[in-house]
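Take a look at the letters that make up each chain.
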Amino acid sequence: MNAPLVSLDKLSVHYPLGRKLLGPSPVLKAIDEVSLDIPKGSFFGLVGESGSGKTTLGRAILRAAPISGGHATYRDGEVDYDLATLPKDKLRDFRKRAQLIFQDPYAALSPRMTVRDIIAEPLEVMGITRTRQETDKRVREIAAKCRLNLEHLRRFPHAFSGGQRQRISIARALVCGPKFIVADESVAALDVSIQADILNLLKSLQHDLDLTFLFISHDLSVVAHVCDYVAVMYLGSIVEVSPTRELFRQPKHPYTRALLSAIPSLDPDDTGKAQRLPGEMPSPANPPSGCRFHTRCPVAQDRCRQDVPHLQDATGDARVSCHFWRENLPA
Ligand code: SF4
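Residues numbered from 1 in each chain as written. Predicted model: local features only at pLDDT ≥ 70, side-chain atom pairs only at ≥ 80, totals over all residues. Heavy atoms only, no water.

A. Molecular detail of the pattern of salt bridges. Inspection of every chain in the model, using the stated rule, returns 17 salt bridges. With its nearest N and O atoms 3.7 Å apart, the salt bridge here joins Arg305 to Asp302. Since its relative accessible area comes to 36%, Arg305 is described here as partly exposed. Residues participating in the shared-partner salt-bridge network are Arg116, Asp117, Glu124, Arg132 and Asp136. (Salt bridge = Lys/Arg side-chain N within 4 Å of Asp/Glu carboxyl O. Buried < 20%, exposed > 50% of the residue type's maximum accessible area, 1.4 Å probe, protein only.)

Here it is, written out as structure tokens:
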């Protein structure tokens, strides 16, 4: 495993929910004490149900969501930033190094700007280029890398399909030369054939430009295809983190097993063995005591209702947050 580009140490994002006259004020624990290393040069998947905190975690790393506790560190060569306390001038530099690719290529692009202006905007806002010629040269370079036709730079976004729009979004995210990209459900809004095209583009850009990706997705089959590592989130916590092959070969957390069992099969004879979890995910404003998954876990025991499990080393570079992962491994 390469050295981490981004390290999280007990990172929390809590939102206050008004005030109480008596007792402590309620808080919504969107992210609660997450510790994680994202190795340099990796395609790192982050999966979980809607509401598990995936997007908030990605945004907290980019400093687009408020960090309320713990540390997030970005280390690249000489640069060593504590993201929770980054002063304004360093934050500006960090924004050149870390960018976001949005989910919806239809909503992410201004309909009033040409493709050239959309891609050029971050260069001008960050003061990276000084002349129009410099800006145009950089825009053409990155557009070609993202396999955009240079003649299209003069057109407006409405003239393009979803896949082409996502290439424009990717070009805009990469134009300042970042090293870390958060791709938040970046292929979820696209047709399956276009998804494969965009995923292949992201993988080739990763190698060409030496990028590190945090790839947020609810689609485990996509994650299996592109990611080197996967972290599984439930109710604001990481419950398992593992090399992708190991996670799919032998999932160790009951929640990971339930997620994997729900992947649709292409085999018409497969009658389906999806494991249905009882109930809904609890509210992060009032998470269960002990293990947060105990209200839905099919193998919960008394200890699970009191003791909080922490990520512990399991087999084959995997880490899991469960008191009884060893006992509950399928034979
Ligand atoms: Fe289930 Fe208990 Fe493990 Fe939590 S700690 S996942 S409730 S067995």
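B. Fine view of helix 9 (residues 254-261). The buried fraction of helix 9 amounts to 7 of the 8 residues, a majority that puts the element mostly inside the structure. Packing partners of the buried residues in helix 9 comprise strand 3 (43-47), helix 7 (220-226), strand 9 (229-234), strand 10 (237-243) and helix 8 (244-249). (Helix = DSSP H or I, 4+ residues; strand = E, 2+ residues; numbered from the N terminus. Contact = heavy atoms within 4.5 Å.)

C. Region of interest: the site of the ligand. Looking at the ligand, the residues that line it are His253, Pro254, Cys291, Phe293, His294, Cys297, Val299, Ala300, Cys304, Cys322, His323 and Phe324. When atoms are counted within 2 Å of each cavity's grid points, the one that captures over half of the ligand is the largest cavity. Of the residues assigned to the shell around the ligand, the class counts are 9 nonpolar, 3 polar and no charged. (Near = heavy atom within 4 Å. 1 Å grid on protein atoms, 1.4 Å probe; cavity = no way out; pocket = protein on both sides within 12 Å on 5 of 7 lines; lining within 4 Å. Sits in = over half its atoms within 2 Å of the grid points. Nonpolar A, V, L, I, M, F, W, Y, C, P; charged D, E, K, R; others polar.)

D. Representation of the layout of surface pockets. Taken as a whole, the largest pocket encloses approximately 510 Å³ of empty space. Lining the largest pocket we find 23 residues, and of these Asp32, Ser237, Val308, Pro309 and His310 sit closest to its centre. When residues of the lining of the largest pocket are assigned to their parent elements, the largest contribution, 5 residues, is made by strand 2 (residues 27-39). Here the residues of the lining of the largest pocket sort into 11 nonpolar, 6 polar and 6 charged. (Points joined across faces, edges and corners; volume = space filled by probe spheres on them.)

E. Quick look at unusual backbone geometry. One non-glycine residue with positive phi stands out, namely Arg63, at about 65 degrees. Looking at where Arg63 falls in the secondary structure, it is placed in the loop between helix 1 (54-61) and strand 4 (69-76). Its relative accessible area of 26% is what places Arg63 among the partly exposed residues.

F. View of the environment of His71. Looking at the element boundaries, His71 is found in strand 4. A residue is classified by how much of its surface remains accessible, and His71, at 39% relative accessible area, is partly exposed. The sequence separation of His71 and Ser12 amounts to 59 residues, and the corresponding C-alpha distance is 8.4 Å. Residue contacts for His71: discarding those within four places in its chain leaves Ser7, Leu8, Asp9, Leu11 and Asp82. In terms of polar contacts, His71 uses its side chain to reach the side chain of Asp82, at 3.2 Å. (Polar contact = N/O pair within 3.5 Å; in protein donor to acceptor, adjacent residues only side chain to side chain.)

G. The pairing of strand 10, seen in detail. Among the 7 residues that make up strand 10, 7 are buried, leaving the element largely enclosed by the rest of the structure. In this sheet, strand 10 lies alongside strand 9 in antiparallel orientation, the contact comprising 6 bridges. Pairing of Ala231 across the sheet is with Val241, part of strand 10. Connecting the antiparallel pair strand 9 and strand 10 is a turn made up of 2 residues, with Leu235 showing a positive phi of about 50 degrees. Where strand 10 and strand 12 (residues 319-320) come together, 2 bridges link them in antiparallel fashion. Of the residues in strand 12, the one forming a bridge with Glu240 is Val320. (Pairing = 2+ DSSP bridges.)

H. Region of interest: the sheet that holds strand 1 (residues 4-16). With antiparallel pairing, 4 strands are arranged side by side in an open sheet as 2-1-4-5. The open sheet has two edge strands with one neighbour each: strand 2 and strand 5 (79-82). Pairs of neighbouring strands in the sheet enclose a mean axial angle of 15 degrees, with direction left out of account. Bridge count for strand 1 against strand 2 is 9 bridges, and the pairing is antiparallel. Pairing of Ser7 across the sheet is with Asp37, part of strand 2. (Axes fitted to C-alpha atoms, helices over the stretch in contact; angles between N-to-C directions.)

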